[in-house]
Amino acid sequence: MSEDATGRRPSIRDVARLAGVSHQTVSRVLNNHPSIRAETKERVLAVMAELDYSPNRAARALVTSRSHTIGVLTSSATQYGPASSIAAIEAAARARGFWVTTANVDAADPNSIQAGLAHLVAQAVEGLVVIAPQVRVIRAIAAQSIGIPYVTLQSTEVDPGHALSVDQIAGARLATRHLIELGHRSIYHIAGPQDWIEAEARMRGFLEEMSDSDIPTTAPVLGDWTAEFGYYAGRELLRVRDFTAIFSSNDQMALGLLHAIRDEGLDCPRDISIVGFDDIPEAAHFWPPLTTVRQDFAELGRRCVDLLLGQGEGEVEQPVLLPELVVRSSAGPRR
């Protein structure tokens, strides 16, 4: 941004004075208000370019017509899956010459969702990725008139017109089928939080595979994704010990289960087999190394950016990625 003889940077009032309009009019131009006449907008933008006036990214985007920025709206950035997705999107965006700006919102607060969305739009992002695994967030986004291309991750049936996902149901069926093929018939499922789309899909995949194999099952245990929950759930289940295998909806809860099994003096997988989901980097170094379902977050990020930047040009179809079972330690039930 240029400076005058006093070293002061141009202000919105300087732009207004040279353009012969009010500062409120300049503000409306910056916010792309529909009431501004085309010739007025052109005059204001010309003065902004002359002064190199750019108070924020949105103003610069109006002058140059491009921000080269993708917005990410997320409500669960601390969880492994969303965090890995954001990292993958950032890497893929940089490869295309784009930057990523992220807004973290409170999934339980509709005002927070709207404020986060407004914040990203104000940054003149050229596209939006929604990584909010809760059903209520995706529904809130789908109800908005966003006006820019957007993609939702893992939203599946909730917002199918904008969804990109890993097939969570197929992944859960892979994990459950693996245990069944080992000979297990008494299999528990530790599910994720009830309002998470992935948790619901993984639970559905587990129940479908058990049903198709004509194996009765008990109601899944609803967890919270943490190793601590996995540990205490394992301790409670081991009081009865009417199972030989557990499919855990994520690797962190599986870690807690392994801890509980060890504390009981039992061996995994000889006494109880565990299968997780996600294939976090540490999963290969659990003891025993964890059998789990891998999601390719790098590919997910690349396809997400390709889909987002290709929208409207017919360049990319909306794909569903297939997960992969990674077998590290498994055993059938003891006879």
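Being a predicted model, the structure only gives us computed values, none of them experimental. (Residues numbered from 1 in each chain as written. Predicted model: local features only at pLDDT ≥ 70, side-chain atom pairs only at ≥ 80, totals over all residues. Heavy atoms only, no water.)

Asker: So, the overall build of the protein: which residues are in play, and what are the values?
Answerer: Across its full length, the protein carries 12 helices and 12 strands. By residue count, 50% of the 335 residues in the protein fall in the buried class. Intrachain contacts of the protein at a sequence separation of at least 6 include 70% that bridge at least 24 residues. Of the roughly 15800 Å² that the protein leaves accessible, carbon and sulfur atoms contribute 49%. (Helix = DSSP H or I, 4+ residues; strand = E, 2+ residues; numbered from the N terminus. Buried < 20%, exposed > 50% of the residue type's maximum accessible area, 1.4 Å probe, protein only. Contact = heavy atoms within 4.5 Å. Areas by Shrake-Rupley, 256 points an atom, 1.4 Å probe, with all protein chains shown as cover.)

Asker: Residue-level account of the side chain of Thr176, with values.
Answerer: As for its placement among the helices and strands, Thr176 is situated in helix 8 (residues 168-181). A polar atom in the side chain of Thr176 sits 2.8 Å from the backbone oxygen of Ala172. Among residues more than four places away in sequence, those in contact with Thr176 are Phe206, Glu209, Met210 and Phe247. (Polar contact = N/O pair within 3.5 Å; in protein donor to acceptor, adjacent residues only side chain to side chain.)

Asker: Run through the environment of Val135, naming residues and quoting values.
Answerer: If you trace the backbone, Val135 turns up in helix 7 (residues 135-142). Look at Val135 and you get partly exposed, because its relative accessible area is 24%. Put simply, Val135 and Gln194 are 59 residues apart on the chain and 9.8 Å apart in space, counted from C-alpha to C-alpha.

Asker: Give me the lowdown on the pattern of salt bridges, citing residues and values where you can.
Answerer: Tallying each qualifying case throughout the model produces 18 salt bridges. Taking the shortest distance from any N to any O, the salt bridge between Arg235 and Glu264 comes out at 3.4 Å. Of this pair, Arg235 sits in helix 10 (residues 227-237) while Glu264 sits in the loop between helix 11 (251-263) and strand 9 (273-275), and the two are 29 residues apart along the sequence. We classify Glu264 as partly exposed; its relative accessible area is 38%. In this structure, the salt-bridge partner of Arg294 is Glu324, at a minimum N-O distance of 3.7 Å. Residue Arg294 is located in strand 10 (residues 292-294), and its partner Glu324 is located in strand 12 (residues 324-326); the two are separated by 30 residues in the primary sequence. (Salt bridge = Lys/Arg side-chain N within 4 Å of Asp/Glu carboxyl O.)

Asker: Can you explain the environment of Leu51? Please cite residues and give values.
Answerer: By secondary structure assignment, the location of Leu51 is in helix 3 (residues 38-51). What makes Leu51 buried here is its relative accessible area of 15%. As a C-alpha pair, Leu51 and Ser11 span 40 residues in sequence and 9.4 Å in three-dimensional space.

Asker: Hey, could you go over helix 1 (residues 12-19) for me, with residue numbers and the actual values?
Answerer: For helix 1, the full list of buried residues reads Asp14, Val15, Ala16 and Ala19. Looking at the packing, one finds that the buried side of helix 1 touches helix 2 (23-30) and helix 3.

Asker: Could you give an account of unusual backbone geometry, with specific residues and numbers?
Answerer: Put simply, Cys268 and Pro269 share a cis peptide bond, and its omega is 15°. With respect to the helices and strands, the residue Pro269 is situated in the loop between helix 11 and strand 9. Here the amide bond leading from Trp287 into Pro288 is cis, since omega sits at 0°, within 30 degrees of zero. Examined against the element boundaries, Pro288 turns out to sit in the loop between strand 9 and strand 10.

Asker: For the sheet that holds strand 7 (residues 221-222), give the residues involved together with the corresponding values.
Answerer: Read from one edge to the other, the open sheet built from four strands follows the order 7-6-8-9, with strand pairing classed as parallel. Unpaired on one side and paired on the other, strand 7 and strand 9 mark the two borders of the sheet. With two bridges connecting them, strand 6 (residues 187-191) and strand 7 associate as parallel partners. Bridge pairing in strand 7 places Ala191 opposite Leu222. The sheet strands contacting helix 10 are strand 6, strand 7 and strand 8 (245-248), and the helix crosses strand 6 at an angle near 150°. (Pairing = 2+ DSSP bridges. Axes fitted to C-alpha atoms, helices over the stretch in contact; angles between N-to-C directions.)

Asker: A description of the environment of Ala91 should follow, citing residues and the corresponding values.
Answerer: By the element assignment, Ala91 lies in helix 5 (residues 80-95). Between the C-alpha atoms of Ala91 and Val305, which are 214 residues apart in sequence, the distance is 9.7 Å.

Asker: Give me the lowdown on the pairing of strand 2 (residues 99-104), citing residues and values where you can.
Answerer: One ladder, built from six bridges, connects strand 1 (residues 69-74) with strand 2; its direction is parallel. Bridge pairing in strand 2 places Thr74 opposite Asn104. In this fold, the crossover linking strand 1 to strand 2 by way of helix 5 has right-handed handedness. (Right-handed = clockwise from strand over helix to strand, strands pointing away.)

Asker: How would you sum up the sheet that holds strand 1? Please name residues and give values.
Answerer: Across the sheet, six strands lie side by side as 2-1-3-4-5-11; this open sheet has parallel pairing. Every interior strand has two partners, whereas the edge strands, strand 2 and strand 11 (320-321), have only one.

Asker: Can you break down the side chain of Thr74 residue by residue, with the values?
Answerer: Secondary-structure assignment places Thr74 in strand 1. Note on Thr74: relative accessible area 1%, which makes it buried. For Thr74, the contacting residues outside a window of four places in its chain are Pro82, Ile86, Thr102, Ala103, Asn104, Val105 and Ile131.

Asker: Pulling in residues and values, what's your account of the pairing of strand 4 (residues 150-153)?
Answerer: Neither face of strand 4 is left uncovered, since the one carrying Tyr150 and Thr152 and the one carrying Val151 and Leu153 both have all their residues buried. Across three bridges, strand 3 (residues 127-131) lies against strand 4 in parallel orientation. Looking at the pairing, Val130 lines up with Thr152 of strand 4. As paired strands, strand 4 and strand 5 (residues 163-166) are joined by two bridges and run parallel to one another. Paired with Leu153 across the strands is Leu164, a residue of strand 5.

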